[in-house]
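One letter stands for each residue in the lines below.
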Amino acid sequence: MGNKEKYINVWTVGMFAFILLYILQTTLADIIEIGGIKPDFMICALVCLTMMHGDMAGAVFGTVCGILLGLGTGHDYAYTVVLCIFGAVLGFLSRIYLRLSLFNMAVVSGAFSVLINIVIFFFTYGLMGQSGFFFALWRVILPEAVYTIAVSPIIYLIFFRIKVLRPIEE
Amino acid sequence: MNFLKNKVVIFVITVIVICIMLSILGNSLGAGNPVSNTVGIVLSPFQKIITSTRRGLESVPHYFTDFKKLETENKELKEHLSDLESQLRDVERYKLENVRLRKLLDLQNGHPDYEIEMAQVLAYDPGNWFTSFTIDKGSLTGIEKMDPVITGEGIVGYVEEVGTTWSTVVTILEPGVTVGSMVSRSRDVGILEGDFELLEKGRCRLSYIPKSANIIKDDYIETSGLGGVYPKGLVIGMVEEIGLESHGLSQYAVIKPAADLSSLCEVVVIKSFSEEGAASGQ
């Protein structure tokens, strides 16, 4: 398989993975809710693919992820822009500082989840003058991050299994 | 400005610009995000399928828990139904008892000269032929031998034996028992007596009816008061069949007793009655 085909494979599988995870996230994830908190599988997928394939993958997949996560929230543009930027930055940082491993991916997924949720809180509630950030941090943001870390190995192993976490030689 | 040559930066900036433009355009036109809208349209059927499937699967364990609940509820309802059926049986019993007691009350009201004692049937004849039974009243309540026994429908028999708290009653079906009788309509007299051949059918025989007597089927037969055992005018039964005696001098009739002698529960013992009532029939 040539590099071009590998790229197509990664992009196609990645896109389908996000769509599938989005559908599962919106239909079945509440089955595994703990204390009203469910993990964010899409963040795991985004981190995973971005750490493997760099800033461009981060920006594109971040945009897809943002469009999907923003669906029906009324903040679809904000989600798209934020996740596109964060994906690109994470890809850039990963290229320089972070090597993809299960541990790194899990920790970054948690951190990414916290960061995204803080931004979401700021844009959706903070700008409207709503207080209660620490309550949200304690009751939503941190539990979700922990739960996302806990499930991130599943996504990692699935992606590893379907061979989208193999480096593509430039 | 070297970073602007980076493809990623260009992509990010493009996304930002598109988003801003769409946002401004959307706000000015009052339309939503076309990208989100399209993605939503494409994905919603899949979400619907999965959610429907999930709900279908979720209903499976509910089926079992509901089944348990329904089983318990069914058991409770069955018990409730059983209670209600029991109550209904009681009501039916009370209703029949009420009818019987009403008839007895009417009997008492119609014959103020009667001194009556109500009694329950305790036991039936141990033999195969139901001709006598035991009641729960005896000499303590003033019952005496040969007292007539009746129900609201008609006469039953008489007291043959008296104990302190019990008495034995012989029915009019018993062979050898005789009752002075007459046809209600024509006032023709006869003698009612038990008959072995008719005993099995629960019938008795009215004999010694004059050949010239006016008696037809379905005539009512009542006590004549002759003999002094039974008061005059008590219903005995109805004529079912009429025939000529073998010697040809008189008629006989097969009588169906008015009282159902095969299922007696309560009877009335007439402890005393006006002699006039009996005598007037003589």
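Look a little higher up for the structure.
We now turn to the structure provided with this report.

### Some words on the environment of B:S262
All names here are of chain B.
- With respect to the helices and strands, the residue S262 is situated in the loop between β11 (250-257) and β12 (266-272).
- Looking at S262, the relative accessible area reads 57%, which means it is exposed.
- As for S262 and G202, which are separated by 60 residues in sequence, their C-alpha atoms are 8.0 Å apart.

### A word on the pattern of salt bridges
- In this structure the tally under the stated criterion is nine salt bridges over all chains.
- With a closest N to O distance of 3.2 Å, A:D55 and A:R95 form a salt bridge. Within this pair, whereas A:D55 is found in helix α2 (residues 41-70), its partner A:R95 is found in helix α3 (residues 76-96), the two being separated by 40 residues in sequence.
- Its relative accessible area of 9% is what places A:D55 among the buried residues.
- Between B:K137 and B:E117 there is a salt bridge whose closest N-O contact spans 3.2 Å.

### A closer look at the sheet that holds strand β6 (residues 178-183) of chain B
All names here are of chain B.
- The six strands are arranged β6-β7-β8-β11-β10-β9 in a closed barrel whose pairing can be described as antiparallel. Within this sheet the neighbouring strands show an average axis-to-axis angle of 40°, counted without direction.
- Where strand β9 (residues 220-223) lies against strand β10 (residues 235-244), three bridges are found, and the strand directions are antiparallel. Across the sheet, Y220 pairs through a bridge with M238, a residue of β10.

### Digging into helix α1 (residues 7-29) of chain B
- Spanning 23 residues, α1(B) covers 32 Å between terminal C-alpha atoms, matching the ideal 33 Å at 1.5 Å per step.
- Inspection of α1(B) places B:V8, B:V12, B:V15, B:C19, B:L22 and B:G26 among the buried residues, and these make up the whole buried set.

What counts, and at which threshold
Residues numbered from 1 in each chain as written. Chains lettered and ligands numbered in written order. Predicted model: local features only at pLDDT ≥ 70, side-chain atom pairs only at ≥ 80, totals over all residues. Heavy atoms only, no water. Helix = DSSP H or I, 4+ residues; strand = E, 2+ residues; numbered from the N terminus. Buried < 20%, exposed > 50% of the residue type's maximum accessible area, 1.4 Å probe, protein only. Salt bridge = Lys/Arg side-chain N within 4 Å of Asp/Glu carboxyl O. Pairing = 2+ DSSP bridges. Axes fitted to C-alpha atoms, helices over the stretch in contact; angles between N-to-C directions. Expected span 1.5 Å × (residues − 1).

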